[in-house]
Amino acid sequence: MSEWCSAVYTTLSKFQRRGSMTGLDRNGYIVNDISLSNVQPEFQPAFKLVIDRFLHQFGNLTHSLYLYGSVGRGTAVPYISDLDISVILHQAPRADGLLKMTDLGTALQQLNPIFSKVEFDVGDYDAVMRRNDFEWRFWLKHCCTHVAGDDLRANIVRYRPAMHIGLAINQDVETRYRTAMSQLSTQWDHSVAKTLAKKLIRCDYALLAEKDRSWHVELGQL
C-alpha cells in the first residue's frame, strides 16, 4: 500500500499548473489546447515516423487519425511521455486487427524510445458519429487535434462540462482498475501503478467538473 501511495504522490508532483484557470472559454465551452504546432522539435521526427508507418500498414482501413495527450499540448518529456493517437476506422475493428495495431505500437516505441509508449486508441466511424454523443464526439472535439484523413471534428458541436461526459469517458475505469490490481498483486510495476493512479484521479475530477465549472487537463490542476 505504501508503494501505491508513493506512485500517486509521484504522479501528481511531476505536474504543474498551466494555461487557463478554468479550462473554459468566456462562453463556458471546454477549451481544446491540443495542436500539431505544439509538438516539440525533439519529438517531431519520431511522431512523423509513427504516423507514416501506421498509415502504410493500416491506411486502407483508416478514416482519420488524431493526436491527444502531452505531445499535442507541448508538455511531453523525452523518454518519459507516451505518444497517444486516436484512430477512427471505416468499420468496427476485428480482434486480430486490434492486436496487430498494438504490436505495431510496441515495435514503433522500440524504434523511437523518446516515447515511453506508443498507444493507438481505436474506434470506428459509426461509433463516433451515430452512437457516442458524450464519448467519442466529445473526445475528438475537445481532447484531440486532426492528423490525417477526413477531419470529423468540423461536424461536432462544442461541449460544456457535464456529468454525462465524465461517465462516458470513464466507462472502462472498473475494468482497468481490476486488471491493474491483479497485475500489482503478483508483482510491483511502477508504470502500471502510475497509469492506474492517473486514471482514477482523472475519473474522480471528470465527475465533479460540471459542479466546479471547470475543465482541467493537467493532473496538477485537479
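Residues numbered from 1 in each chain as written. Predicted model: local features only at pLDDT ≥ 70, side-chain atom pairs only at ≥ 80, totals over all residues. Heavy atoms only, no water.

Caption draft 1: View of the environment of K198. Note that K198 resides in helix α9 (residues 190-206). For K198, a relative accessible area of 24% gives the class partly exposed. C-alpha separation for the pair K198 and L219, spaced 21 residues apart in sequence, amounts to 7.6 Å. (Helix = DSSP H or I, 4+ residues; strand = E, 2+ residues; numbered from the N terminus. Buried < 20%, exposed > 50% of the residue type's maximum accessible area, 1.4 Å probe, protein only.)

Caption draft 2: View of the packing of helix α2 (residues 44-58) against helix α4 (residues 95-111). Look at α2 against α4: their axes get within 11 Å of each other, and the N-to-C directions meet at 150 degrees. As judged from the angle between their axes, α2 and α4 are roughly antiparallel. Along this stretch, α2 crosses α4, giving a crossing that reads as right-handed. Contacts between α2 and α4 involve V50, R53, F54, Q57 and F58 on the former and, on the latter, K100, M101, L104, L108 and L111. Of the residues contributing to the contact of α2 with α4, the split by class is 7 nonpolar, 1 polar and 2 charged. (Axes fitted to C-alpha atoms, helices over the stretch in contact; angles between N-to-C directions. Parallel < 35°, antiparallel > 145°, perpendicular 65-115°, else oblique. Left-handed = near helix turned anticlockwise from the far one by under 90°. Contact = heavy atoms within 4.5 Å. Nonpolar A, V, L, I, M, F, W, Y, C, P; charged D, E, K, R; others polar.)

Caption draft 3: Highlighting the side chain of H63. Its location among the elements puts H63 in strand β1 (residues 62-68). Beyond its immediate stretch of four places on either side in the chain, H63 contacts I88, L89, H90, Y125, A148, G149, D150 and L152.

Caption draft 4: Structural context of the sheet that holds strand β3 (residues 118-124). Across the sheet, which stays open at both edges, the 4 strands sit in the order β3-β2-β1-β4 with mixed pairing between neighbours. A strand with exactly one partner marks an edge of an open sheet, and here the two such strands are β3 and β4 (144-149). Along the sheet, successive strands turn relative to each other by an average axial angle of 25 degrees, direction set aside. Along the sheet, α4 contacts β2 (83-89) and β3; its crossing angle with β3, the most-contacted strand, is approximately 155 degrees. This element, helix α6 (residues 136-143), spans β1, β2, β3 and β4 of the sheet and lies at about 130 degrees to β2. (Pairing = 2+ DSSP bridges.)

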